[in-house]
Amino acid sequence: MGADEPFRNLSRIGGAPTQVSDVQPPDDAFLIQIDFRGIPKDQSENPPLLRLLESHGAPADGLLQVFHTTTGDSRTDPGVPGGGATLRYLSEASLARRLPVDMDAECAVYPPSRTSVSCGLGFRNGPISTDRSAETVVDLQRIADIGARGGCHTVQYESATDPFSATELPVTRLFGMQSYDFDLPDEDVDLLHRELPLAADNHHVLLLNITGDHSFDTVFGDGGRLEIWIRDTDLRAARFDSIVSFIRST
């Protein structure tokens, strides 16, 4: 981080990705980038967030970018490595060669929006559930998502003409559980173990759970999300070449 950018935050959803002089971005649509150095690391700022990042072995700095073909159904493109999702990690050394943002880049498909990283809660039903408990999980998650936005509603919610039918949009998540309305079926578990085989001391991590609502024009279907899974050891070594992705849609 240079002296001219003491409070750098390159995290964003949509728009154009940060580019460096010696690396070409994929041609697929750019979805999101996370600036790990832009996340406050001071214990007094957000200790739960700091503990979460450290416990998962997330990079301390650098930039993680997500691209996607935005085609397909349950697994974007089964014949494409990663299922159609591509992760690109730019180290701090490479970010020293940043280029001006090119809004005309072929991968700049969606409108840009600012984002911030906060520590939130996730809710799911237990093995035994009822209609009442399912409704409670939905309500709790909605409240938690509002809290993750700093207690604010989205513009789309506040501008709804019918307040009784207005719904709060979900947030994109880094780590945590699957969304309450989706599971990991046996065939997807088999795919994970086939594409990302594990050693005895390793496990799979849900790295990103990206909502398609609003930001990406429901490209992943109604209430859809893009899940990106990675091995724990790859994440801790900042290796993002081997991933598996699934599209979840209601």
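Whatever comes next refers back to the structure up there.
What you see is a predicted model; the values in this text were computed from it and never measured. (Residues numbered from 1 in each chain as written. Predicted model: local features only at pLDDT ≥ 70, side-chain atom pairs only at ≥ 80, totals over all residues. Heavy atoms only, no water.)

Asks: Just checking my understanding: could you explain the sheet that holds strand E9 (residues 244–248) for this structure?
Replies: Hydrogen bonding along the main chain pairs the strands of a sheet, whether they run parallel or antiparallel. Strand order in the open sheet made by the four strands is E6-E7-E8-E9, with antiparallel pairing throughout. Edge positions in the open sheet fall to strand E6 (173–174) and E9, since each of these has one partner strand only. Across seven bridges, the pairing between strand E7 (residues 204–211) and strand E8 (residues 225–231) is antiparallel. Bridge pairing in E8 places asparagine 209 opposite glutamate 227. (Pairing = 2+ DSSP bridges. Helix = DSSP H or I, 4+ residues; strand = E, 2+ residues; numbered from the N terminus.)

Asks: Got a minute to help me understand the side chain of glutamine 141 in this structure?
Replies: Take glutamine 141: it is sitting in helix H3 (residues 131–148). Polar side-chain contacts of glutamine 141 include one of 2.8 Å to the backbone nitrogen of phenylalanine 123. What glutamine 141 contacts, discounting residues up to four positions off in sequence, is Leu121, Gly122, Phe123, Arg173 and Tyr180. (Polar contact = N/O pair within 3.5 Å; in protein donor to acceptor, adjacent residues only side chain to side chain. Contact = heavy atoms within 4.5 Å.)

Asks: Just checking my understanding: could you explain the packing of aromatic side chains for this structure?
Replies: One pair of aromatic rings is described through two measures. These are the centre distance and the angle between the planes. One pass over the structure, following the stated rule, counts three aromatic pairs. Measuring from centroid to centroid gives 5.6 Å for phenylalanine 30 and phenylalanine 67, while their planes differ by 55 degrees, and the two rings are tilted. A residue pair is termed long-range when its members are at least 10 positions apart, and phenylalanine 30 in strand E2 (residues 29–35) and phenylalanine 67 in strand E3 (residues 63–68) qualify at 37 residues. Aromatic side chains tyrosine 110 and phenylalanine 216 sit 5.2 Å apart centroid to centroid with 70 degrees between the ring planes, which places their arrangement in the edge-to-face category. Here tyrosine 110 is found in the loop between helix H2 (92–95) and strand E5 (113–114), whereas its partner phenylalanine 216 is found in the loop between E7 and E8, with 106 residues between them in sequence. Assigned by exposure class, tyrosine 110 and phenylalanine 216 land together as buried. (Phe/Tyr/Trp six-rings, centres within 6.5 Å; stacked < 30°, edge-to-face > 60°. Buried < 20%, exposed > 50% of the residue type's maximum accessible area, 1.4 Å probe, protein only.)

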